[in-house]
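Understanding the architecture of this molecule
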Amino acid sequence: MSDNLQHLLDHNRRWAAQIEAERPGFFTKLSQQQSPRYMWIGCSDSRVPANQITGLDPGEVFVHRNVANVVVPTDLNCLSTVQFAVDVLKVEHLMVVGHYGCGGVLAALRDTRVGLADNWLRHIKDVRDKHIGLLGALPEAQRHDALCELNVIEQVMNTVQTTVVQDAWDRGQAVTLHGWVYGLKDGLLQDLFMTVRGNADVDKAYRKAVAEVGMRQR
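Scope of this entry: the structure provided in the associated data block. As the structure is a prediction and not an experimental result, all values here were calculated from the model.

About the criteria used
Residues numbered from 1 in each chain as written. Predicted model: local features only at pLDDT ≥ 70, side-chain atom pairs only at ≥ 80, totals over all residues. Heavy atoms only, no water. Axes fitted to C-alpha atoms, helices over the stretch in contact; angles between N-to-C directions. Helix = DSSP H or I, 4+ residues; strand = E, 2+ residues; numbered from the N terminus. Parallel < 35°, antiparallel > 145°, perpendicular 65-115°, else oblique. Left-handed = near helix turned anticlockwise from the far one by under 90°. Contact = heavy atoms within 4.5 Å. Salt bridge = Lys/Arg side-chain N within 4 Å of Asp/Glu carboxyl O. Buried < 20%, exposed > 50% of the residue type's maximum accessible area, 1.4 Å probe, protein only. Phe/Tyr/Trp six-rings, centres within 6.5 Å; stacked < 30°, edge-to-face > 60°. Core = buried A, V, L, I, M, F, W, Y, C linked by side-chain atoms within 4.5 Å. Pairing = 2+ DSSP bridges.

**Points about the packing of helix H5 (residues 103-110) against helix H6 (residues 117-130)**
Direction vectors running N to C along H5 and H6 enclose 60 degrees, while the axes themselves pass 9 Å from each other. Of the possible angle classes, the one that applies to H5 and H6 is oblique. Handedness of the H5/H6 crossing: right-handed. Side by side, H5 and H6 meet where Gly104, Val105, Ala107, Ala108 and Leu109 of the first sit next to Leu121, Ile124, Lys125 and Arg128 of the second.

The structure is reproduced here in C-alpha coordinates:
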(Lines give C-alpha, C1' and ligand atoms only; values in the text may rest on other atoms or scores of the structure.)
Protein backbone atom coordinates (compact mmCIF):
# COMPACT_ATOMS: atom_id res chain seq x y z
CA MET A 1 0.00 0.00 0.00
CA SER A 2 1.39 3.35 -1.05
CA ASP A 3 1.82 6.03 1.62
CA ASN A 4 1.75 8.75 -1.02
CA LEU A 5 -1.32 10.92 -0.60
CA GLN A 6 -0.71 13.04 -3.67
CA HIS A 7 -4.19 12.19 -4.96
CA LEU A 8 -5.67 14.03 -1.99
CA LEU A 9 -3.52 17.08 -2.67
CA ASP A 10 -4.58 16.93 -6.31
CA HIS A 11 -8.25 16.80 -5.30
CA ASN A 12 -7.68 19.79 -3.05
CA ARG A 13 -6.19 21.86 -5.84
CA ARG A 14 -9.02 21.03 -8.23
CA TRP A 15 -11.58 21.87 -5.54
CA ALA A 16 -9.92 25.20 -4.68
CA ALA A 17 -9.65 26.13 -8.36
CA GLN A 18 -13.31 25.31 -8.95
CA ILE A 19 -14.47 27.38 -5.96
CA GLU A 20 -12.33 30.34 -7.00
CA ALA A 21 -13.62 30.14 -10.57
CA GLU A 22 -17.23 30.04 -9.43
CA ARG A 23 -16.86 32.62 -6.65
CA PRO A 24 -13.86 34.88 -7.26
CA GLY A 25 -12.34 36.18 -4.06
CA PHE A 26 -14.03 33.54 -1.90
CA PHE A 27 -10.87 32.43 -0.09
CA THR A 28 -9.55 35.97 0.34
CA LYS A 29 -12.78 36.98 2.04
CA LEU A 30 -12.88 33.79 4.10
CA SER A 31 -9.34 34.29 5.37
CA GLN A 32 -10.18 37.73 6.74
CA GLN A 33 -13.07 36.80 9.01
CA GLN A 34 -14.81 33.82 10.59
CA SER A 35 -18.43 34.62 11.39
CA PRO A 36 -20.56 31.45 11.47
CA ARG A 37 -24.11 31.51 12.80
CA TYR A 38 -24.02 27.83 13.66
CA MET A 39 -22.09 25.42 15.83
CA TRP A 40 -22.25 21.66 15.26
CA ILE A 41 -21.37 19.16 17.98
CA GLY A 42 -21.31 15.81 16.24
CA CYS A 43 -19.81 12.37 16.10
CA SER A 44 -16.31 11.73 14.78
CA ASP A 45 -17.75 9.18 12.33
CA SER A 46 -16.30 9.85 8.88
CA ARG A 47 -19.72 9.43 7.27
CA VAL A 48 -21.21 12.48 9.01
CA PRO A 49 -19.57 15.67 7.62
CA ALA A 50 -21.32 18.76 8.96
CA ASN A 51 -20.84 21.14 6.01
CA GLN A 52 -21.91 18.72 3.30
CA ILE A 53 -24.97 17.47 5.19
CA THR A 54 -26.29 20.98 5.78
CA GLY A 55 -25.21 22.44 2.45
CA LEU A 56 -23.09 25.09 4.17
CA ASP A 57 -19.87 26.58 2.85
CA PRO A 58 -16.55 26.65 4.69
CA GLY A 59 -16.78 29.33 7.36
CA GLU A 60 -20.52 28.93 7.94
CA VAL A 61 -20.49 26.27 10.67
CA PHE A 62 -18.13 25.90 13.64
CA VAL A 63 -17.56 22.22 14.39
CA HIS A 64 -16.62 20.03 17.32
CA ARG A 65 -16.65 16.26 16.93
CA ASN A 66 -15.94 13.38 19.28
CA VAL A 67 -16.92 9.74 19.68
CA ALA A 68 -20.73 9.58 19.89
CA ASN A 69 -21.27 13.38 20.20
CA VAL A 70 -20.88 13.54 23.96
CA VAL A 71 -20.89 16.79 25.99
CA VAL A 72 -19.65 16.42 29.56
CA PRO A 73 -18.35 19.01 32.05
CA THR A 74 -14.95 17.30 32.34
CA ASP A 75 -14.18 17.63 28.60
CA LEU A 76 -12.33 20.92 28.41
CA ASN A 77 -11.70 20.45 24.69
CA CYS A 78 -15.43 20.46 23.94
CA LEU A 79 -16.27 23.18 26.45
CA SER A 80 -13.48 25.44 25.18
CA THR A 81 -14.85 25.06 21.66
CA VAL A 82 -18.37 25.88 22.84
CA GLN A 83 -17.05 28.88 24.77
CA PHE A 84 -15.21 30.25 21.74
CA ALA A 85 -18.26 29.73 19.54
CA VAL A 86 -20.67 31.41 21.95
CA ASP A 87 -18.54 34.14 23.53
CA VAL A 88 -16.26 35.10 20.65
CA LEU A 89 -17.99 34.07 17.42
CA LYS A 90 -21.49 34.80 18.78
CA VAL A 91 -23.11 31.80 17.12
CA GLU A 92 -26.89 31.89 17.23
CA HIS A 93 -27.64 28.17 16.95
CA LEU A 94 -25.85 25.24 18.56
CA MET A 95 -26.81 21.81 17.20
CA VAL A 96 -25.99 18.53 18.92
CA VAL A 97 -26.18 15.97 16.12
CA GLY A 98 -26.07 12.22 16.53
CA HIS A 99 -26.51 9.62 13.85
CA TYR A 100 -28.26 6.30 13.48
CA GLY A 101 -25.89 3.36 13.31
CA CYS A 102 -23.44 4.97 15.75
CA GLY A 103 -20.86 2.37 16.79
CA GLY A 104 -20.18 4.06 20.11
CA VAL A 105 -23.84 4.03 21.05
CA LEU A 106 -24.15 0.39 20.02
CA ALA A 107 -21.16 -0.58 22.15
CA ALA A 108 -22.74 1.19 25.12
CA LEU A 109 -26.09 -0.47 24.50
CA ARG A 110 -24.57 -3.96 24.36
CA ASP A 111 -21.79 -3.47 26.92
CA THR A 112 -19.25 -4.35 24.25
CA ARG A 113 -15.64 -3.79 25.28
CA VAL A 114 -13.74 -1.67 22.76
CA GLY A 115 -10.72 -0.53 24.76
CA LEU A 116 -9.82 2.89 26.13
CA ALA A 117 -13.03 4.33 24.68
CA ASP A 118 -15.01 2.25 27.19
CA ASN A 119 -14.30 4.98 29.74
CA TRP A 120 -15.76 7.60 27.39
CA LEU A 121 -18.76 5.45 26.53
CA ARG A 122 -19.63 5.23 30.21
CA HIS A 123 -21.46 8.53 29.66
CA ILE A 124 -23.74 6.86 27.11
CA LYS A 125 -24.26 3.87 29.37
CA ASP A 126 -25.53 6.36 31.93
CA VAL A 127 -28.07 7.53 29.35
CA ARG A 128 -29.01 3.90 28.65
CA ASP A 129 -29.50 3.19 32.33
CA LYS A 130 -31.52 6.37 32.89
CA HIS A 131 -33.97 5.35 30.16
CA ILE A 132 -33.86 1.59 30.65
CA GLY A 133 -37.64 1.42 31.03
CA LEU A 134 -38.30 3.22 27.74
CA LEU A 135 -35.70 1.17 25.88
CA GLY A 136 -36.94 -2.09 27.36
CA ALA A 137 -40.47 -1.36 26.15
CA LEU A 138 -39.29 -1.11 22.54
CA PRO A 139 -38.65 -4.03 20.18
CA GLU A 140 -34.99 -5.02 20.38
CA ALA A 141 -34.41 -4.00 16.75
CA GLN A 142 -35.40 -0.40 17.58
CA ARG A 143 -33.33 0.09 20.72
CA HIS A 144 -30.12 1.15 18.99
CA ASP A 145 -31.83 3.95 17.07
CA ALA A 146 -33.74 4.98 20.19
CA LEU A 147 -30.57 5.21 22.27
CA CYS A 148 -28.95 7.32 19.52
CA GLU A 149 -31.88 9.73 19.90
CA LEU A 150 -31.85 9.69 23.70
CA ASN A 151 -28.12 10.31 23.73
CA VAL A 152 -28.61 13.47 21.65
CA ILE A 153 -31.37 14.68 23.96
CA GLU A 154 -29.23 14.15 27.06
CA GLN A 155 -26.20 15.84 25.48
CA VAL A 156 -28.35 18.88 24.69
CA MET A 157 -29.31 18.89 28.37
CA ASN A 158 -25.64 18.73 29.32
CA THR A 159 -24.91 21.63 26.99
CA VAL A 160 -27.74 23.66 28.51
CA GLN A 161 -26.17 23.22 31.94
CA THR A 162 -22.72 24.47 30.95
CA THR A 163 -21.58 27.74 32.46
CA VAL A 164 -21.02 29.02 28.92
CA VAL A 165 -24.64 28.69 27.86
CA GLN A 166 -26.03 29.76 31.23
CA ASP A 167 -23.85 32.89 31.24
CA ALA A 168 -24.88 33.72 27.67
CA TRP A 169 -28.56 33.51 28.53
CA ASP A 170 -28.03 35.54 31.72
CA ARG A 171 -26.63 38.41 29.70
CA GLY A 172 -29.46 38.20 27.17
CA GLN A 173 -27.51 36.64 24.32
CA ALA A 174 -29.69 34.73 21.86
CA VAL A 175 -28.40 31.17 21.63
CA THR A 176 -30.76 28.36 20.64
CA LEU A 177 -29.86 24.71 21.20
CA HIS A 178 -31.14 21.96 18.91
CA GLY A 179 -31.06 18.16 19.04
CA TRP A 180 -30.90 16.41 15.68
CA VAL A 181 -30.10 12.94 14.38
CA TYR A 182 -28.74 12.01 10.94
CA GLY A 183 -29.72 8.97 8.91
CA LEU A 184 -26.83 7.21 7.19
CA LYS A 185 -29.27 5.27 5.02
CA ASP A 186 -31.08 8.25 3.55
CA GLY A 187 -28.84 11.27 4.27
CA LEU A 188 -31.63 13.09 6.10
CA LEU A 189 -31.51 15.06 9.33
CA GLN A 190 -34.35 14.58 11.81
CA ASP A 191 -35.41 17.15 14.38
CA LEU A 192 -35.79 15.46 17.78
CA PHE A 193 -37.93 18.33 19.16
CA MET A 194 -35.20 19.18 21.66
CA THR A 195 -35.10 22.91 20.90
CA VAL A 196 -34.17 25.18 23.80
CA ARG A 197 -33.97 28.98 23.71
CA GLY A 198 -33.65 29.54 27.44
CA ASN A 199 -34.12 27.93 30.82
CA ALA A 200 -37.89 28.33 30.63
CA ASP A 201 -37.97 25.96 27.63
CA VAL A 202 -35.90 23.15 29.11
CA ASP A 203 -38.38 20.97 30.99
CA LYS A 204 -41.13 21.09 28.38
CA ALA A 205 -38.73 20.42 25.51
CA TYR A 206 -37.07 17.56 27.36
CA ARG A 207 -40.34 15.83 28.21
CA LYS A 208 -41.62 16.17 24.65
CA ALA A 209 -38.38 14.94 23.09
CA VAL A 210 -38.16 11.86 25.33
CA ALA A 211 -41.84 11.05 24.78
CA GLU A 212 -41.35 11.25 21.02
CA VAL A 213 -38.58 8.64 21.22
CA GLY A 214 -41.04 6.13 22.62
CA MET A 215 -43.69 6.91 19.98
CA ARG A 216 -41.54 7.33 16.88
CA GLN A 217 -42.20 5.03 13.94
CA ARG A 218 -38.98 3.38 12.78
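Continuing now.
**Some thoughts on the pattern of salt bridges**
For the structure shown, the criterion picks out 13 salt bridges. Between arginine 113 and aspartate 118 there is a salt bridge whose closest N-O contact spans 2.5 Å. Using a relative accessible area of 11% as the deciding quantity, one classes aspartate 118 as buried. For lysine 130, the salt bridge identified is with glutamate 154, shortest N-O distance 3.3 Å. Of this pair, lysine 130 sits in helix H6 while glutamate 154 sits in helix H8 (residues 140-160); the two residues are 24 residues apart in sequence, bridging distant segments of the chain. The exposure class assigned to glutamate 154 is buried, which follows from its relative accessible area of 8%. Through salt bridges with shared partners, one network takes in Asp111, Arg122, Lys125, Asp126, Arg128 and Asp129.

**Some remarks on the packing of aromatic side chains**
Within this structure, the stated rule accounts for 3 aromatic pairs. With 5.6 Å between their ring centres and 70 degrees between their planes, tryptophan 15 and phenylalanine 27 make a pair best called edge-to-face. With a gap of 12 residues between them, tryptophan 15 in helix H1 (residues 6-22) and phenylalanine 27 in helix H2 (residues 26-32) connect regions that are remote in the sequence. An angle of 85 degrees between the planes, with centres 5.2 Å apart, marks the rings of phenylalanine 26 and phenylalanine 27 as edge-to-face. By relative accessible area, which is 27% here, phenylalanine 27 ends up partly exposed. Ring pairing ties together the aromatic residues Trp15, Phe26 and Phe27, which thus form one cluster.

**Let's talk about the nonpolar core**
Counting residues in each nonpolar core, the largest one holds 51 residues, and the members touching the most others are Leu177 and Met194. The greatest single-element share of this core, amounting to 9 residues, is contributed by H8. When residues no more than four places from it in sequence are discounted, the contact partners of methionine 194 are Ile153, Val156, Met157, Leu177, His178, Gly179, Ala205, Tyr206 and Ala209. Judged by nonpolar contacts, the second largest core, of 9 residues, contains Trp40, Leu56, Val97 and Tyr182.

**Re the environment of valine 156**
Relative to the helices and strands, valine 156 is located in helix H8. Judged by relative accessible area, which is 0%, valine 156 ranks as buried.

**Re the sheet that holds strand E1 (residues 38-43)**
Here 5 strands make up an open sheet; going across it, the order is E2-E1-E3-E4-E5 and the pairing mixed. Lying at the two open borders of the sheet, with one neighbouring strand each, are strand E2 (61-66) and strand E5 (189-191). Direction aside, the axes of adjacent strands within the sheet are offset by 25 degrees on average. Here E1 runs beside strand E3 (residues 93-99); their pairing, made up of 5 bridges, is parallel. The residue of E3 that forms the bridge with glycine 42 is valine 97. Contacts between H8 and the sheet are confined to E3 and strand E4 (176-182), with E3 contributing the most and set at about 155 degrees to the helix.

In short, the description is geometric, and any link to function would need to be established separately.
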